[in-house]
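Examining the three-dimensional arrangement
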Amino acid sequence: HFNGIKLRVETTLPSVFTLRGSNVTLPCRFWYEPPLNSPRSVRVKWSWSPITGDREVDVLVAIGHHQRSFGDFKNRVYLQHDLPGDTALVITNVSMSDTGQYRCEIIDGLEDESVTVDLELRGVVFPYQPQNGRYHLTFPEARQVCEEQDAIVATSDQLYMAWQEGLDWCNAGWLADGTVQYPINLPRYPCGGLGLAPGVRSYGPRHKHLHRYDVFCFSSSLRGRVYYLEHAQKFNFTEAIQACIEDDTQIAKVGHLFAAWKFLGLDRCDAGWLADGSVRYPITTPRLNCGPHKPGVRSFGFPSPYYKYGVYCYSSG
């Protein structure tokens, strides 16, 4: 308290969901009780704690109309300032690495009040196994292969939500917190036994450099277009890459295909090459001769690069 006046800070939304590539507003406002007769100059500070558990970093600091942003947020964030006391943070062109907890801190002399807002992405979780087979990835390697497929390592919450939506996968995979888990909807002998109820099984934390598993990746919706390249002939892997280039695009990544299936309803019963050398196809309306009787991205694994298939291309424009 100063002179009987109390500084108050609040957010109307403790969690905000958005899509990759979009703009998002994290609400925050402050006021005084009782109201002041004249405005005071306060310092506004937004900081961010990533979901990986790394240390909190500065995002933006403002005094009056003077604002300064930092690091990867530089020139991508600003304060909204729509109404008196409005200190909402606007983040433009949201990336998948922007998720985490944001702190809005208002400093007036010795008074210091803050609130937090969690930023989460809507997306799709998919299990990923590299070309050299099951359980070959250390945690750093798992993080790298997800990034190579236009994705990030999924969190425990993201995997749990995917399980609730029907994800059933018997191979254990890394998650962002360094634990190893797998989701089961249909209990069976090789996947923990028949006696266990459906759920997300956990091995708990594993050694990030010694232990090897698969990984669960998370991709958010995308700006751009994924399409099956209509062509009179099929391609080997090298020809598939070149065919997309000649169509002024690039060969699609696994994360591209999953996001297009999940958010754009891509439905194609044609197997096609992807950038990692795998062959897959997306089905939103199950039908005869197109795999199992449920929606999903079907996989042919990693066939010989000399085999002939179609190709899925990705255009970012």
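Look up: the structure comes first, before these words.
These numbers were taken from a predicted model, which means no experiment stands behind them.

All right, on to the nonpolar core then. Core analysis: the biggest nonpolar cluster contains 89 residues, and L26, W46, L89, Y102 and V215 have the highest contact counts within it. Per element, the largest residue contribution to this core is five residues, and it comes from helix 4 (residues 254–264). The residues touching L26, leaving out its near neighbours within four places in the chain, are V16, W46, A88, L89, I91, Y102, V117 and L119.

This next bit is on the sheet that holds strand 8 (residues 77–79). The strand order across the open sheet built from three strands is 3-9-8, with neighbouring strands paired in antiparallel fashion. The open sheet has two edge strands, strand 3 (24–26) and strand 8, and neither has a second partner. Neighbour-to-neighbour, the strand axes of the sheet open up by a mean angle of 25°, direction not taken into account. Bridge count between strand 8 and strand 9 (residues 89–91): three bridges; the pairing is antiparallel.

Quick look at the packing of aromatic side chains now. Inspection of the entire model under this criterion finds 17 aromatic pairs. Between F126 and F258 the ring centres are 4.5 Å apart and the planes differ by 10°, which places this aromatic pair in the stacked class. Placement of the pair is F126 in strand 12 (residues 123–128) and F258 in helix 4, with a sequence separation of 132 residues. Here F126 and F258 have matching classes, each one buried.

To continue, consider the environment of L229. With respect to the secondary-structure elements, L229 resides in the loop between strand 18 (225–228) and helix 3 (237–246). Residue classification places L229 among the buried residues on the basis of a relative accessible area of 9%. With 214 residues separating them along the chain, L229 and S15 place their C-alpha atoms 39 Å apart. When residues no more than four places from it in sequence are discounted, the contact partners of L229 are F235, A243, C244, D247, V311 and C313.

Once that is clear, we can look at helix 2 (residues 156–164). Listed as buried for helix 2 are Q158, L159, A162 and W163. Down the axis of helix 2, the buried set is contained in an arc of 140°. They therefore lie on one face. Exposed positions of helix 2 whose direction lies more than 90 degrees from the buried face are D157 and Q164. The inward-facing, buried residues of helix 2 contact strand 12, strand 13 (152–153), strand 15 (179–184), strand 16 (199–205) and strand 17 (214–220). Taken from the residues just after helix 2, G166 is the one with a positive phi, measuring 115°.

Bringing the pattern of salt bridges into the picture now. A full pass over the atoms with the stated rule returns 16 salt bridges. Two residues, E10 and R29, come together in a salt bridge whose shortest N-O distance is 2.8 Å. Of this pair, E10 sits in strand 1 (residues 6–10) while R29 is found in strand 4 (residues 29–33), placing the two residues 19 residues apart along the sequence. What makes E10 partly exposed here is its relative accessible area of 27%. One salt-bridge network, held together by shared partners, links E230, R268 and D270.

What follows deals with the state of the cysteines. What is meant by a disulfide is a covalent connection between two cysteines, made through their sulfur atoms. For the structure on display, the rule yields five disulfides. The disulfide that involves C170 links it to C191, with 1.9 Å between the sulfurs. Residues C170 and C191 share a disulfide whose torsion about the S-S bond is about -125°; that sign makes it left-handed. Placement of the pair is C170 in the loop between helix 2 and strand 14 (173–174) and C191 in the loop between strand 15 and strand 16, with a sequence separation of 21 residues. Judged by relative accessible area, which is 22%, C170 ranks as partly exposed. Overall, C191 belongs to the buried group, its relative accessible area being 2%. Between the sulfur atoms of C269 and its disulfide mate C290 the distance is 2.0 Å. Where C269 bonds to C290 through sulfur, the torsion about that S-S bond is close to -120°, and the disulfide is left-handed. Highlighted residues: C269 in the loop between helix 4 and strand 20 (272–273) and C290 in the loop between strand 21 (279–283) and strand 22 (296–299), separated in sequence by 21 residues. Using a relative accessible area of 27% as the deciding quantity, one classes C269 as partly exposed. For C290, a relative accessible area of 4% corresponds to the buried category. For the protein, numbering the cysteines in disulfides from first to last along the sequence yields the connectivity 1-2, 3-6, 4-5, 7-10, 8-9.

With that settled, consider the environment of V61. Relative to the elements of secondary structure, V61 occurs in strand 6 (residues 57–63). Along the sequence, V61 and Y78 sit 17 residues apart, while their C-alpha atoms lie 9.5 Å from each other.

Rules of the game
Residues numbered from 1 in each chain as written. Predicted model: local features only at pLDDT ≥ 70, side-chain atom pairs only at ≥ 80, totals over all residues. Heavy atoms only, no water. Core = buried A, V, L, I, M, F, W, Y, C linked by side-chain atoms within 4.5 Å. Buried < 20%, exposed > 50% of the residue type's maximum accessible area, 1.4 Å probe, protein only. Helix = DSSP H or I, 4+ residues; strand = E, 2+ residues; numbered from the N terminus. Contact = heavy atoms within 4.5 Å. Pairing = 2+ DSSP bridges. Axes fitted to C-alpha atoms, helices over the stretch in contact; angles between N-to-C directions. Phe/Tyr/Trp six-rings, centres within 6.5 Å; stacked < 30°, edge-to-face > 60°. Arc of directions from axis to C-beta. Salt bridge = Lys/Arg side-chain N within 4 Å of Asp/Glu carboxyl O. Disulfide = S-S within 2.5 Å.

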